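Residue strings, one per chain:
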Amino acid sequence: MSLKPPAVIEFGNLLGRGRALIASLGRPGRSAAVRGELVGVDLGGSSIKLTRMRRGKGRPQLLDFAELALPPAEAFAKESRTGALKEGLAELVRTHRLKGKQAVGLVYGLDVVLRRTIMPSMPHADLHSALELEAHKYVPFPPDRIALDYEVIGPTADAGQVEVLVAACDRERLAEIYEILSSAGLKVRGITVPPLAFRNVMRHTSLAGSQEVTAFFDVGHHSINLCIFKRDELRFSRELSLGSHAFTEALRTIIVPGQGTIKLTEEEAERLKLEHGIPMGEDEKKIVGGIALANVTVMLRPTLERLTREIWSSFDYCNEEFFGESVQRVFLTGRGARLKNLPAYLESVLRVPVSLFDVGTEFGISGERTAGELDGLGFAPALSLEDFAGINLERALLPAEVAPIRVVAGYLTVPRMATAALLAVAVDASLLELHHNGVQQRLSAMEAAQARMTQEAPELTRIQSRMKASQNRAAIRAQLSMGSPDWSLVLKDLSLRIGPRVRLREIRPEMTHPDQASQPGALPEQRLLLDGNVDKWVDRPELEVASTMRSLMASAFFSDVRLVESSPSDSNGTRVVISCALRGGQ
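K.L.:
What is the right way to look at the sheet that holds strand 8 (residues 187-192) in this model?
P.N.:
Strand pairing in a sheet relies on backbone hydrogen bonds, with the paired strands running either antiparallel or parallel. Spatial strand order, 3-2-1-4-8: five strands in an open sheet with mixed pairing. Strands with a single pairing partner mark the edges of an open sheet, and in this sheet they are strand 3 (61-69) and strand 8. For this sheet, the mean inter-axis angle between neighbouring strands, taken without regard to orientation, is 20°. Note that strand 1 (residues 36-43) and strand 2 (residues 47-55) share eight bridges and pair antiparallel. From the neighbouring strand, D42 faces strand 2, where its bridge partner is K49. Its contacts with the sheet place helix 5 (residues 171-183) against strand 1, strand 4 (102-106) and strand 8, and it is angled at close to 145° to strand 8.

Structure below.
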């Protein structure tokens, strides 16, 4: 009887098995650096900002961008505001022909938590559960509403511990953002937080490799996002409940000594702020509309002092945590950062260079658009640079039985939904062929043992051997029908044991034969080959491989884990092939 070699099961195909997983293939997970186009969407408090960026081998290029102003949040109930965001984003997507494009969204606010923490070194399967148990200590909402994702920064100086960057937010708010982006016709690739967007700027612009301690202030309508980096290491992040609108409110009432109080409407105060900003030097001597700009400076001073106090306290905390390495440079982004004289004022107080971040120079502008049009984009262009190699909160929305598999599948190209359906059929066919091949191997081993017994034993022994062979054949069929591994459980466990720095490309069965010393009729051992890469930016790939193998050996599904190959690859880091046996697979 001739045997076909076992079918090679592509890793992406395995992930498509079952109706419950077909939908998940329409949404990508963890991935390497994104190539091609990606849309960034910032659903802000006063406007919707949208950017489209192209990533390639050179510097990224900003292909298109748009901003749609929204009425004040106070003018909406929650449901009607969500409807306004859906309609506004759908209009932008339709106008700029972005339907079907991959997109990344943004979640921020005072109830979004991003923090570094120290955890015992443990398999990835256990680390996520441990972080969920710890999350209630630093998030302001019930445990059942926590959406959480993390990335391991690296080992600490203390043996047996690792430093972890954790992001957590309200699951309902995360689901709302996902729904708004999806309903507009975008394919949600991920959802991130502002500090990680700024980290993309440190990685993919002229700031990459800078040894300076750099701070970013994104000045929004109601808040300021403050992030501090050393190279692309996020050292500190904080959201201040103080935005450009606070300056407008400070100018609604202007006290003029000897004259009394001048009341301004919100529109008048906003216009005064935009036209004159923070009056400094000779500007303070001017009189505009009967108001001396020196009095404007007086009214803005409490807000400015509050801002500088918050900044100094953040700088001081960061200095203490990182042994006195102080901030050496500050960049401002966002529409509020364009407040006249704000950079000069902050530079005079902080005593470090403060400048506006030049989006046009760093990213390039396609077509006839001008740099002046970029004023209000803030960190929206940085969203289009997302790598998804670390934290992606969108994964937290997936069902528990699907999310771990998505983590492993994230490095694969995402098929269209129609293709996903075909993949599901193809996977079932591949698994059926593997099942059939296993039966053939076992029957062949048994028939060979039977032939030897027939030649060596008398007639009665041959009859008894045939009866025993028949019983063995029935037992094997029963084992195949009831003892076949549950691939969904195997893959779920595997996905949790493969760290974010190891990208699997393929899983395939390893051809094995019965051991020569084994008993007649012994079945070949079932083994799998895991073929993948350790990311090229990992400094010690051998440690990552060793950690992965230890995690696999601790699994209830795998045993006898062996390293088959570990070789450097110029483009993809280090190629790794690991062999492991399926427990109970004999």
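From this point, things continue past the structure.
K.L.:
Help me understand helix 4 (residues 124-135), please; the structure alone is not making it clear to me.
P.N.:
Helical geometry: 3.6 residues make up each α-helical turn, so side chains three or four residues apart lie on a common side. Compared with the 16 Å implied by 1.5 Å per residue over 12 residues, the 16 Å span of helix 4 between its first and last C-alpha is a close match. Within the sequence span of helix 4, burial applies to H124, A125, L127, A130, L131 and A135. The inward-facing, buried residues of helix 4 contact strand 5 (113-120), strand 6 (146-155), strand 7 (161-170) and helix 16 (487-497).

K.L.:
Even after reading the chapter, I still don't get the pattern of salt bridges, so can you show me in this structure?
P.N.:
Side chains that carry opposite charge are capable of pairing whenever their charged atoms lie near each other. Under the defined criterion, the tally for this structure stands at 32 salt bridges. A salt bridge links R145 to D170; the nearest nitrogen and oxygen atoms lie 2.2 Å apart. Highlighted residues: R145 in the loop between helix 4 and strand 6 and D170 in strand 7, separated in sequence by 25 residues. Given the relative accessible area of 8%, D170 is considered buried. Between E310 and R238 there is a salt bridge; the shortest N-O distance is 2.5 Å. Of this pair, E310 sits in helix 9 (residues 293-321) while R238 is found in strand 11 (residues 233-240), placing the two residues 72 residues apart along the sequence. What makes E310 partly exposed here is its relative accessible area of 23%. A residue is classified by how much of its surface remains accessible, and R238, at 30% relative accessible area, is partly exposed. Overlapping salt bridges, with partners in common, bring together R116, E163, K230, E233, R235 and E325 in one network.

K.L.:
Where do I start with the packing of aromatic side chains in this structure?
P.N.:
Centre distance and the angle of the planes are the two values used to describe a pair of aromatic rings. Tallying each qualifying case throughout the model produces eight aromatic pairs. On the numbers, 4.8 Å between centres and 20° between planes, the contact of F198 with F216 is stacked. In this pair, F198 sits in helix 6 (residues 194-204) while F216 sits in strand 9 (residues 213-219), placing the two residues 18 residues apart along the sequence. For F198, a relative accessible area of 1% corresponds to the buried category. Look at F216 and you get buried, because its relative accessible area is 0%. Ring plane angle 80° and centroid distance 6.2 Å describe the contact between F216 and F229, whose orientation is recorded as edge-to-face.

K.L.:
I'm lost on unusual backbone geometry in this one. Help?
P.N.:
Negative phi values dominate among residues other than glycine, just as trans dominates among peptide bonds. Within the chain, N341 stands out as a residue other than glycine whose phi angle is a positive 75°. By the element assignment, N341 lies in the loop between strand 16 (329-333) and helix 10 (342-350). One non-glycine residue, D560, lies in the positive phi region at around 50°.

K.L.:
It is not clear to me how the nonpolar core should be interpreted in this structure. Could you clarify?
P.N.:
Soluble, globular proteins show a tendency: their nonpolar side chains are buried together. In this structure, L43, L89, V107 and F216 are the most contacted members of the largest nonpolar core, which totals 60 residues. Excluding anything up to four places from it in sequence, F216 contacts F198, V201, M202, L207, N225, L226, C227, F229, F331, T333 and F357. Of all hydrophobic cores here, the second largest spans 41 residues; its members include L251, L307, I311 and F322.

K.L.:
What am I meant to see in the sheet that holds strand 9 here?
P.N.:
Taken together, five strands build an open sheet; the order of strands is 11-10-9-16-17 and the sheet is mixed. For this open sheet the edge positions go to strand 11 and strand 17 (354-356), each flanked by a neighbour on one side alone. If you compare each strand with its neighbour and ignore which way they point, the axes differ by 20° on average. Pairing between strand 10 (residues 224-230) and strand 11: seven bridges, direction antiparallel. Residue pairing for strand 11: I228 is matched across the bridge by F236. Sitting on the sheet, helix 9 is in contact with strand 9, strand 10, strand 11 and strand 16, with an inclination near 155° to strand 11.

K.L.:
What is the right way to read helix 5 from this model?
P.N.:
Its 13 residues give helix 5 an end-to-end C-alpha distance of 18 Å, which sits within 8% of 18 Å, the value for a rise of 1.5 Å per residue. For helix 5, the complete set of buried residues consists of L174, I177, Y178, I180 and L181. Down the axis of helix 5, the sector holding all buried residues measures 160°, keeping them to one side. Of the residues flanking the start of helix 5, the one acting as N-cap is D170, its side-chain oxygen 2.9 Å from the backbone nitrogen of E172. The positive-phi residue at the C-terminal boundary of helix 5 is G185, with phi of around 95°.

K.L.:
Teacher, can you tell me more about the packing of helix 9 against helix 10 here?
P.N.:
Relative placement of two packed helices is described by the angle separating their axes and the distance separating the axes. Their axes nearest at 11 Å, the elements helix 9 and helix 10 cross at an angle of 50°. On the basis of the axis angle, helix 9 is oblique to helix 10. Considering only the axes of helix 9 and helix 10, their crossing is right-handed. Counting all contacts with helix 9, which are made through L304, L307, T308, I311, W312 and F315, the residues of helix 10 involved are Y345, L346, V349 and L350. Residues belonging to the contact of helix 9 with helix 10 are distributed by class as follows: nine nonpolar, one polar and no charged.

K.L.:
Would you mind going over the pairing of strand 1 with me for this structure?
P.N.:
On a regular strand, each side chain points to the face opposite its neighbour's, so the side chains alternate between the two faces of the sheet. The element strand 1 is largely enclosed, with a buried count of six among its eight residues. The hairpin formed by strand 1 and strand 2 contains three residues between the paired strands. Judged from the two bridges that link them, strand 1 and strand 4 form a sheet pairing that is parallel. Residue V39 lies in a different strand from strand 4, and its bridge partner there is A103.

K.L.:
It is not clear to me how the confidence of the model for the chain should be interpreted in this structure. Could you clarify?
P.N.:
Segments scoring low in pLDDT should not have their predicted coordinates read at a detailed level. In the predicted model, the chain carries a mean pLDDT of 78, and 75% of its residues have values of at least 70. Overall, residues 400-417 carries pLDDT values under 50, and its contacts beyond four positions in sequence, including any with other chains, amount to 56 contacts.

K.L.:
Looking at this structure, I do not really get the environment of L98. What am I missing?
P.N.:
Along the chain, L98 turns up in the loop between helix 3 (78-95) and strand 4. The exposure class assigned to L98 is buried, which follows from its relative accessible area of 1%. Along the sequence, L98 and A184 sit 86 residues apart, while their C-alpha atoms lie 9.3 Å from each other. Excluding residues within four positions of it along the chain, L98 makes contact with V39, L50, R52, V93, G185 and L186.

Scoring rules and cut-offs
Along each chain, numbering runs from 1 in the same order as the chain's sequence is written. Given that this is a predicted model, residues contribute local features only at a pLDDT of at least 70 and side-chain atom pairs are listed and counted only at 80 or more, while totals for whole chains, interfaces and linings are drawn from all residues. Where side-chain values are given, they derive from all heavy atoms of the structure, hydrogens and water being excluded. DSSP calls a pair of strands paired once it identifies at least 2 bridges connecting them. Starting at the N terminus, helices and strands are each numbered in turn, a helix being any DSSP run of H or I of at least four residues and a strand any DSSP run of E of at least two. Axes, fitted as lines to C-alpha atoms, cover a helix only where it is in contact. Angles between the N-to-C directions of the axes lie from 0 to 180 degrees. Contacts are residue-level and defined by heavy atoms, with any inter-residue pair within 4.5 Å sufficient. For a helix, the expected span equals 1.5 Å multiplied by the number of residues minus one. Summary of the burial criterion: residues with accessible area below 20% of their type's maximum are buried, those above 50% are exposed, and those between are partly exposed, where the area comes from a 1.4 Å probe applied to protein chains only. Each salt bridge in this description consists of a side-chain nitrogen of Lys or Arg and a carboxyl oxygen of Asp or Glu lying within 4 Å of one another. Ring geometry is summarised as follows: Phe, Tyr and Trp rings, the Trp one being its six-membered ring, pair when their centres sit within 6.5 Å, and such pairs are stacked at plane angles under 30 degrees, edge-to-face over 60 and tilted between the two. By nonpolar core is meant a set of buried Ala, Val, Leu, Ile, Met, Phe, Trp, Tyr and Cys residues that side-chain atoms within 4.5 Å join together. Throughout, the arc means the angular range of directions from the helix axis out to the C-beta atoms. In protein, a polar contact means a hydrogen-donor-capable atom and an acceptor-capable atom, both N or O and within 3.5 Å, with residues adjacent in sequence counting only if both atoms are side-chain atoms; elsewhere, any N or O pair within 3.5 Å suffices. To sort the angles, those under 35 degrees are grouped as roughly parallel, those over 145 as roughly antiparallel, those from 65 to 115 as roughly perpendicular, and the leftovers as oblique. The sense of a crossing depends on the near helix, which, turned anticlockwise from the far helix by less than a right angle, makes the crossing left-handed and, turned clockwise, makes it right-handed. Here the nonpolar group is Ala, Val, Leu, Ile, Met, Phe, Trp, Tyr, Cys and Pro; Asp, Glu, Lys and Arg are the charged ones; every other residue, Gly included, is treated as polar. You can read pLDDT as the predictor saying how much it trusts each residue, on a scale of 0 to 100.

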